[in-house]
Amino acid sequence: MEVIFHPDYMLHKHRGAHPERPERLEAILERLELEGLAGNISTPEPATEDILTSVHSKDYVKYMREHGRGYLDGGDTYMGENTYDIALLSAGGAFLSSSRVKEGIASMALLRPPGHHAGAYYGGGFCYFNNIAIAAACSKMKKVAILDIDGHHGNGTSDIFYTSSDVLFISTHHYGIYPGTGDSMAIGEGQGEGYNVNIPFPTGAGDSSLEYAWDVLIEPILRQYEPRVLLVSLGTDGHYADGMTGLSLSSRAYIDICGRTIDLAREICKGRAAFFLEGGYHLGSLGEVIAGTVAYTEGREVKMEWTDEYDNRCIGKGAVERTRHRLKDHWDLP
Ligand SMILES: [Zn+2]
């Protein structure tokens, strides 16, 4: 698995103490090095305007370019002097990953800033340009599946592809927190109806809930959709060690679902799988999950520290059932 990273991703800083900080990437790289997994790193070029406008409006790109210092939203998402340029490098990393995936090379894009809360004409939630949406659009493949397992709903990605059947979007997230979207009734519109799948977990949902969602919804839908490429928004803020959401996933569950995704991609789309870093603010579990996923592609395991199981009663079963019921006319579900 190729790791995509640019040293300038470390230079992006919000104002004051902020969870989305350079130390996140330092922790991941340190862990990869410790495990002997940092040998295959590629460095991207900045995204061109054409790449950005594959997803974002021209007006939004201009607005960002000319924004200058200050907040994009209420105080979460700061534009510093170099933010625009580093966001271009992050989007460039997504573009590089889309080129690699077309060649059948799986990748782990360690991007900062993250992207899944950015829509066609808005940013927010620490996001400026939508990296994974850019990768989906630039892959130029007709059927792309995006699985978003960040603890928050990927509202930007969802909005961008809401009326399209060319991109299937599936998101598991803690429902009721930021950004407030992603309930089970939202299934896409027009041509996109049935191609937007939300699994809005309640507080406390963790390992057994995610496994259940995979078995009865995610895997069956992915198999029926027959994507040509499988992209993953990987955020570890649904981890029990991470205070940013109320989900209780363990490192084992995260690495397990990433491994299942890689195996499924090998089976149904020639191994075309790419992972994109979104959130994840507890440094130890973040490094552990990323390293564990990269190791998996090499047939190895890493030693895990955060493996407690807080949800073995399928706390999220009701949420999965509601989504399953809502989508029963669109997919053949077990
Ligand atoms: Zn998140």
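Residues numbered from 1 in each chain as written. Predicted model: local features only at pLDDT ≥ 70, side-chain atom pairs only at ≥ 80, totals over all residues. Heavy atoms only, no water.

1. Points about the coordination of the zinc ion
Worth spelling out the cut-off: Only N, O and S atoms count as donors, using a 2.8 Å cut-off from the metal and 3.2 Å for Na, K and Ca, and because water is excluded some sites may appear unfinished. Between 85 and 135 degrees for all angles marks four donors as tetrahedral; over 155 degrees for opposite donors together with 65 to 115 for all other angles marks four donors as square planar and six as octahedral; every other arrangement is irregular. Numbered from the N terminus, helices here are DSSP runs of H or I no shorter than four residues, and strands are runs of E no shorter than two. The buried label applies to any residue whose accessible area, calculated with a 1.4 Å probe on protein chains only, is under 20% of its type's maximum; exposed applies above 50%, and partly exposed to all values in between.
Taken together, the protein donors to the zinc ion comprise Asp150 (OD), Asp150 (OD), His152 (ND1) and Asp237 (OD), at separations of 2.0 to 2.8 Å. Of note is the zinc ion, whose 4 donor atoms meet at the metal with angles of 52 to 152° in an arrangement that counts as irregular. Counting along the primary sequence, the residues that act as donors to the zinc ion give the motif D-x1-H-x84-D. Of the two residues, His152 sits in the loop between strand 6 (144-148) and helix 6 (155-160) while Asp237 sits in the loop between strand 9 (229-234) and helix 8 (251-268), which places them 85 residues apart along the sequence. Each member of the pair, His152 together with Asp237, is buried.

2. What about the nonpolar core?
Filter applied, for reference: For this analysis, a nonpolar core means a set of buried residues of the types Ala, Val, Leu, Ile, Met, Phe, Trp, Tyr and Cys, connected via side-chain atoms within 4.5 Å. Contacts are assigned to residue pairs with any non-hydrogen atoms lying within 4.5 Å of each other.
Ranked by internal contacts, the top residues of the largest apolar core, which has 101 residues, are Leu110, Phe129, Leu231 and Leu234. Tallying contributions element by element places helix 7 (residues 207-225) first for this core, with 10 residues. When neighbours within four sequence positions are excluded, Leu234 is seen to be in contact with Met108, Ile149, Tyr254, Cys258, Phe275, Phe276, Leu277, Glu278, Gly279, Val289 and Ile290.

3. Some remarks on the sheet that holds strand 7 (residues 167-174)
Short version of the rule: Note on pairing: DSSP must find at least two bridges between two strands before they are called paired. To get an axis, fit a line to the C-alpha atoms, keeping to the stretch in contact for a helix; angles then go from 0 to 180 degrees between the N-to-C directions.
Spatially, the 8 strands line up as an open sheet ordered 2-1-5-10-9-6-7-8, and their pairing is parallel. Bordering the open sheet on either side are strand 2 (41-42) and strand 8 (196-201), each of which pairs with just one other strand. Here strand 9 pairs with strand 10 (residues 273-277) via 5 bridges, running parallel. Within strand 10, the position partnered with Leu231 by the bridge is Ala274. On the sheet, helix 8 packs against strand 6, strand 9 and strand 10 and is oriented at approximately 165° with respect to strand 9.

4. Notes on the packing of helix 8 against helix 9 (residues 283-297)
A pair of packed helices is characterised by two quantities: the angle between their axes and the separation of those axes. As a reminder of what qualifies: Orientation categories follow fixed angle ranges, with anything under 35 degrees roughly parallel, anything over 145 roughly antiparallel, 65 to 115 roughly perpendicular, and all other angles oblique. For any pair of crossing helices, the crossing counts as left-handed if the nearer helix is rotated counterclockwise from the farther one by less than a right angle, and right-handed if it is rotated clockwise. Gly counts as polar in this scheme, as do all residues outside two lists: the nonpolar Ala, Val, Leu, Ile, Met, Phe, Trp, Tyr, Cys and Pro, and the charged Asp, Glu, Lys and Arg.
Helix 9 packs onto helix 8 with a crossing angle of 30° between their chain directions and a minimal axis gap of 9 Å. With respect to helix 9, the element helix 8 is oriented roughly parallel. Both helix 8 and helix 9 take part in a crossing whose hand is right-handed. Seen from helix 8, the contacting residues are Ser251, Tyr254, Ile255, Cys258, Gly259, Ile262, Asp263 and Arg266; seen from helix 9, they are Ser285, Glu288, Val289, Gly292, Thr293, Tyr296 and Thr297. A per-class count over the contact of helix 8 with helix 9 returns 6 nonpolar, 6 polar and 3 charged.

5. Quick look at the packing of aromatic side chains
In this description, a pair of aromatic rings is defined by centroid distance and the angle of the planes. Selection criterion: Aromatic pairs are defined between Phe, Tyr and Trp rings, using the six-membered ring for Trp, whenever the two ring centres lie within 6.5 Å; interplanar angles under 30 degrees are classed as stacked, those over 60 as edge-to-face, and all others as tilted.
In this structure the tally under the stated criterion is 11 aromatic pairs. Between Phe126 and Tyr281 the ring centres are 6.0 Å apart and the planes differ by 90°, which places this aromatic pair in the edge-to-face class. Separated by 155 residues along the polypeptide, Phe126 in the loop between strand 5 (107-109) and helix 5 (131-138) and Tyr281 in the loop between strand 10 and helix 9 bring together distant segments of the chain. For Phe126, a relative accessible area of 11% corresponds to the buried category. Ring-pair connections join several aromatic residues into one group, and the members of that group are Tyr60, Tyr63, Tyr84 and Phe129.

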